[in-house]
Every structure is written in structure tokens, then in C-alpha cells.
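The lines below spell out each chain.
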Amino acid sequence: NSFVTRTNTCGELRAAHVGQKVTLYGWVQYQRQGLFLVLRDFQGLTQVIIPQDEAHSHVKELLSNAPLESVVRVTGTVSPRPPGQENPKMPTGDIEVKAEIAEILNSCKKLPFEIKDFIKKSEALRMQYRYLDLRSFRLQSALRLRSRVVMRMREYLCNLHGFVDVETPTLFKRTPGGAKEFLVPSREVGKFYSLPQSPQQFKQLLMVGGMDRYFQVARCYRDEGSRPDRQPEFTQIDIEMSFVDQAGIQRLIEGLLQHSWPEERGSIMTPFPSMTYEEALADYGTDKPDTRFGMKIVDISDVLRGSNIHFVQNALSYPHGSIRAICIPQGVRYLTNKDLGSLKESAKSQFNQEIMEIICRPDGSLKSLLTKFLGEKEQSELIRALNMQEGDVVLLAAGEHKQVCSALGALRLLSANLLEAAGLVLRDPTAFHFLWVVDFPLFLPKAENPTELESAHHPFTAPHPSDVSLLYSDPTKVRSQHYDLVLNGNEVGGGSIRIHSAEQQRFVLEKVLKEDSEVLSHLIEALEFGAPPHGGIALGLDRLISLIVDAPSIRDVIAFPKSFRGRDLMGNAPDYVTPEELEPYHIQVSWPLEEKEAKKN
């Protein structure tokens, strides 16, 4: 209550305050028949008794007629609630304030929706009236927790470990590779700035400049179009260190998260477990595994290798052919035929992968189109390899290793959703399972042209020390010093040890990625002036906070988010500008014919 004219907030009064005269400010949350109202502010609720005596008739009239969500000031005396009328669900439930003086500071017009968490509102309406949605307890709580976490992170990095908080520019130039960047016109003809997708180059240049330890709560920008649960502008906890290795970065981040973790969410154990990219793909079908539940992918190639099943033998004849399966616990009980059909259809449409099902009957025998091709010994080995119990359902896939694993990884998550929707709890909603994924490939084939390579992380990532020679002979086999931090199946951070040799950086850009290194000449030149070995990481703050508070979307932990189409529905941005405003930037808008006609009309 420092610097303000209230004596107390609406959430702090207790029985110990009985008899005190207080002044409260807040919004009218609820009013009942001119007898009492509930006043709300950022900290909580207080019940205010409306006086019924003649001497305070003006106060009664004022408060009885105040529309909900009006802002009022109330002065009165704290009293104990009458016996039996206490509300144990409210922190202030033992007291009430008997109003003596009141003033409506601002009346509220008819609301587009009620300010209550349990009232369903369309997201478009919430975004349009975001300033009203911000009054909800859920958003207030999330944003305040976010603020506390960031403050604790600053404390850990700056006060305990000597990091320097440095602001880097948001007007820069295009970076080759990676996500698409927003362009900003300049007054120089044909020249544009880019909004950086991360401060990557600047933080490396700070290491060249001898800053040693840098961090920033960084605003980043990516023009990714209409992608659900992504934002065109987002926030990273951005970190870079000199003279560090991968283990050093990992220990730093584990300590940072342990220090800043909200007490009300329990404690997190360190060190976090680690697995390689290949292990993650083989066991979970993804590079961001949700390790809160089992249902791992099992390689059953050897079990079926001796069978005379045509599609099995066909798959195993290829160099990277594989037969793999997942076992869905109690699938017979919890999954319908429609569910199984939808799982198969999903694998077919997304991965072009056929799926075969096997059911374990109550007597322990197997029901499947495959069983007539399998002897008793092979069936027993299959049951043992998959640890099948009666009532389990197995989904089996055969084909190229990566495709099979990716398809089964997706089915594993879809199956978990279906099981939980049917009442079987697999994933503890209060559990936080962190995981490091390491040893990623340095390069991947481009989706649009598999004969060309692109960086799996970004072009500044250093090769694994054991694979440096392969960089010049067979770059497709090179592992990187790239590491991702995964939480409950979501990537919440990613980083790498960087290339600090100008010669190696130029080779990667020009010879491997076929990029014009001239765009990065400033960085390559900087590496020639005694650049120290360095590495770093960026944590996705929005995603991390949304997982901590169990929000359905990152939009629920950002004060003023964009819609999934990248629009600000409250301020109606982006918006048109006049030709006169564009003239200094030497830009003219070329309208499609139908839009020209629409503007005329």
C-alpha cells in the first residue's frame, strides 16, 4: 500500500484488523439486493456491508445502484462476520467492512462478458476486450507468477553468477536459414531492416567483445503465419557464456530453474536426465519426448525376422527397415473401434504409414490378422518383448526407421489423450519431467529438396568434437553440440556450443549450406579477431510459464497476445496506412483486383 491512498488491499484484511477504519479501492464484483457487495482488487475480495440507516442513505443509494465492474472507493470499519456467516473459502471470509463513506470513481457500462473464470468466453471476444479479460483471477495469477519467476532468474544470473544484462537491437538485417523474419522498410531505396528471430549474432559478438557472461529477457520475432499456439513476437531468456562446454550450460540452467521455480509448484530434482536424439527418436518417436508415462516404442524386428509375413520381410529388406510397436495398456477397455480406426487413419494421413493392431485376449492369446502367420514360439516372444497383459492393444508398424518411429510416436500421444479422456490417468498433471536431448545431427536434408542440407539448429552450431573430420568428408553424419531442454513433451529451451573459428564458419555457410557468407561477413570477420570458445541457450519464457501454470495456450500467460493468425483483435493491427505515409519508404502497395473493388465499394 505504499505510495497510494488506500489503507489496505481487498485481499489482506483478517480478524486481527477488526475495529480498524480502512479505505479500500476496487471493482464491484457482486452486489446483492442492496444489502452487501463484494469488492475486488488484484489481491483478493472483501465483503462490504451496505448501510441501511437513514443517516447513510446516500451511501446505500450509491452502492446499491453501482453497475458491476464499476470502480469504487469505500471507507468503513472492519467487523467480524455474524456467527455462522463466515466463508472459509475466502481468505477474508472472517470479516466484513461496514461502509460509511463511498464514491463511484468510474461507472462501468454493459459488459461484453462476465469477469469470472468459470464463464465460457470465445477467445476472439477475450482478445478484443483483453483489458477486461486481464481482470480475471486466472490471468492475474499467471502474469504475477511470470513476473516473480523472471525476477528470480535475474537474481540468480546477475547477483549470484556475474551475468551482465545487455539489451541488443531489434532493427537488424536478414539472417540466412531459420524462421522467416519480419521486414521493416527504411528510407534508403530498396533497403529493409529485419526484426531478429533471436539475438543470436549479437550475443556471440558480445563474447568476442569480452563480455564473458551475457543474458537478456529478449523480445524475438518470427513471421510464421497462421500456426496454432505460436506468437509472431515472443520472449526468451537469452544466455551466452565464454569458455564453457555443454555440461557447464546444462548445470547453469538446472540451477537457474531450481532457483526460480515457484514454491507452490513443488520442487524440481537436478541433474535432469539426458538422452541422445537417436534414443529419443527410437524410444518415443520424437525429439521432445513426454517421459511422464511409458508406452515406449519397442523394436520387434528380431522377433518377426524369421516369419514369412510379406510386408515384414519387405520392410526388413531395406537398409533402414524396421518393425516397431507400442503397447496401449487396457486398450480393449478404454478404446473403441472408432478410436482405433482414427489412430490408424492419423498414421496414414500424416505419415503415410500403415498400422496393424494386435489384441491380447483374456486367456492370453493374441487376436490379429498376423497370428495365422506366427507360431506359438513367435507369439510368446512377441508378448514378452512388448510386456503385453490381457486387455492390451498393440499398434505395429513396418517400414523405414525414422518414418515408423515418428508415426508410432504420434500415435503414442494420441492414444494417451484417448485413454485419459476415457478415464485412465497416465500423466500426472502436477508432475514436471525435465529432459535434456543431446547429440542432434548437425544438418538435415531440406524437406523441399532432400539433396540439399540445412542446419538442424542454426548455422552457428559447432560440430561434435568427435565428428569434426566428417564435416569435410560426409557432413550428413556429423553430430552437433546442440542441446534441447524438454519439459513434459514440450521444447522449452535450445542452445549449442558455437563455431568460434572463422574458417570453419565460412566452410559451413558456403560449402555445406550453400549460403552467401557475405550476409554474415561482420560475424565471420569478428571471429578472426581472437574470438573465445563460447556457447549459450535460450529458454522460451512464454512456453515455460504456460506449462508451470497449466495454461491451455501460451496466449494465457502473455498480457497482450496476438491471435493465432497474428492479429491484434483489440487494436486491429496490422492496419492499412496511406500512400503518403509509405512515400518516404519508396513503397507502393499492389492490390489484388478483388481487394481493389472492395476498397472502391
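- Per an unreviewed UniProt entry, the protein carries the name SYDM protein and comes from Loxia curvirostra.

## Brief notes about the packing of aromatic side chains
Here comes step 1: Across all of its chains, the model carries ten aromatic pairs by this definition.
Here comes step 2: Their ring planes at 40° and their centres at 5.3 Å tell us that Tyr-277 and Phe-440 sit as a pair that is tilted. In this pair, Tyr-277 sits in helix α7 (residues 277–284) while Phe-440 sits in the loop between β17 (434–438) and β18 (443–445), placing the two residues 163 residues apart along the sequence.
Here comes step 3: Ring pairs connect the aromatic residues Trp-261, Phe-272, Phe-432 and Phe-434, which therefore count as one cluster.
Here comes step 4: The ring of Phe-293 carries Arg-412 above its face, with NZ or CZ at 3.8 Å from the centroid.
Here comes step 5: Residue placement shows Arg-427 over the ring face of Phe-293; its charged tip is 5.6 Å from the ring centre.

## Description of the packing of helix α4 (residues 137–161) against helix α6 (residues 246–260)
Here comes step 1: The interhelical angle for the contact between α4 and α6, taken along N-to-C directions, is 130°, at an axis separation of 8 Å. Taken together, the axes of α4 and α6 lie oblique to each other. In the packing of α4 onto α6, the handedness of the crossing is right-handed. On the side of α4, the interface is formed by Val-149, Arg-152, Met-153, Glu-155, Tyr-156, Leu-157 and Leu-160, while α6 contributes Leu-252, Gly-255, Leu-256, Leu-257, His-259 and Ser-260.
Here comes step 2: The residue makeup of the contact of α4 with α6, split by class, is eight nonpolar, three polar and two charged.

## What about the pairing of strand β2 (residues 36–41)?
Here comes step 1: Most of β2 sits out of view: six of its six residues are buried.
Here comes step 2: Side-chain alternation along β2 places Phe-36, Val-38 and Arg-40 on one buried face and Leu-37, Leu-39 and Asp-41 on a second face that is also buried.
Here comes step 3: Bridge count between strand β1 (residues 21–32) and β2: five bridges; the pairing is antiparallel. Along β2, the bridge assignment pairs Val-28 with Leu-39.

## Some thoughts on the sheet that holds strand β4 (residues 71–80)
Here comes step 1: Overall, mixed pairing links the five strands, which are arranged β1-β2-β3-β5-β4 in a closed barrel. The mean angle between the axes of side-by-side strands here comes to 55°, regardless of whether they run parallel or antiparallel.
Here comes step 2: With six bridges joining them, β2 and strand β3 (residues 44–49) adopt antiparallel strand pairing. Within β3, the position partnered with Phe-36 by the bridge is Ile-49.
Here comes step 3: This element, helix α1 (residues 57–64), spans β1, β2, β4 and β5 (95–106) of the sheet and lies at about 75° to β5.

## A look at unusual backbone geometry
Here comes step 1: The omega torsion across Thr-270 and Pro-271 is -5°, close enough to zero to call that bond cis.
Here comes step 2: Mapped onto the fold, Pro-271 is located in the loop between α6 and β11 (274–276).
Here comes step 3: The omega torsion across Ala-573 and Pro-574 is 0°, close enough to zero to call that bond cis.
Here comes step 4: Secondary-structure assignment places Pro-574 in the loop between α17 (541–548) and α18 (579–582).
Here comes step 5: In this model, Asn-488 sits at a positive phi of 50°, which is unusual for a non-glycine residue.
Here comes step 6: The class of Asn-488 is buried, set by a relative accessible area of 9%.

## Re the sheet that holds strand β22 (residues 534–540)
Note on sheets: strands pair through backbone hydrogen bonds, and any given pair is parallel or antiparallel.
Here comes step 1: Across the sheet, eight strands lie side by side as β6-β9-β10-β22-β21-β20-β17-β11; this open sheet has mixed pairing. The strands lining the two open edges of the sheet, one partner per strand, are β6 (164–165) and β11.
Here comes step 2: Note that β6 and strand β9 (residues 213–221) share two bridges and pair parallel. Residue pairing across strands places Val-164 opposite Tyr-214, the latter belonging to β9.
Here comes step 3: Seen against the sheet, helix α5 (residues 200–208) touches β9, β10 (233–242) and β22 and runs at an angle of roughly 20° to β10.

Here is what the cut-offs are and how they apply
Residues numbered from 1 in each chain as written. Predicted model: local features only at pLDDT ≥ 70, side-chain atom pairs only at ≥ 80, totals over all residues. Heavy atoms only, no water. Phe/Tyr/Trp six-rings, centres within 6.5 Å; stacked < 30°, edge-to-face > 60°. Helix = DSSP H or I, 4+ residues; strand = E, 2+ residues; numbered from the N terminus. Lys NZ or Arg CZ within 6 Å of the ring centre and 35° of its normal. Axes fitted to C-alpha atoms, helices over the stretch in contact; angles between N-to-C directions. Parallel < 35°, antiparallel > 145°, perpendicular 65-115°, else oblique. Left-handed = near helix turned anticlockwise from the far one by under 90°. Contact = heavy atoms within 4.5 Å. Nonpolar A, V, L, I, M, F, W, Y, C, P; charged D, E, K, R; others polar. Buried < 20%, exposed > 50% of the residue type's maximum accessible area, 1.4 Å probe, protein only. Pairing = 2+ DSSP bridges.

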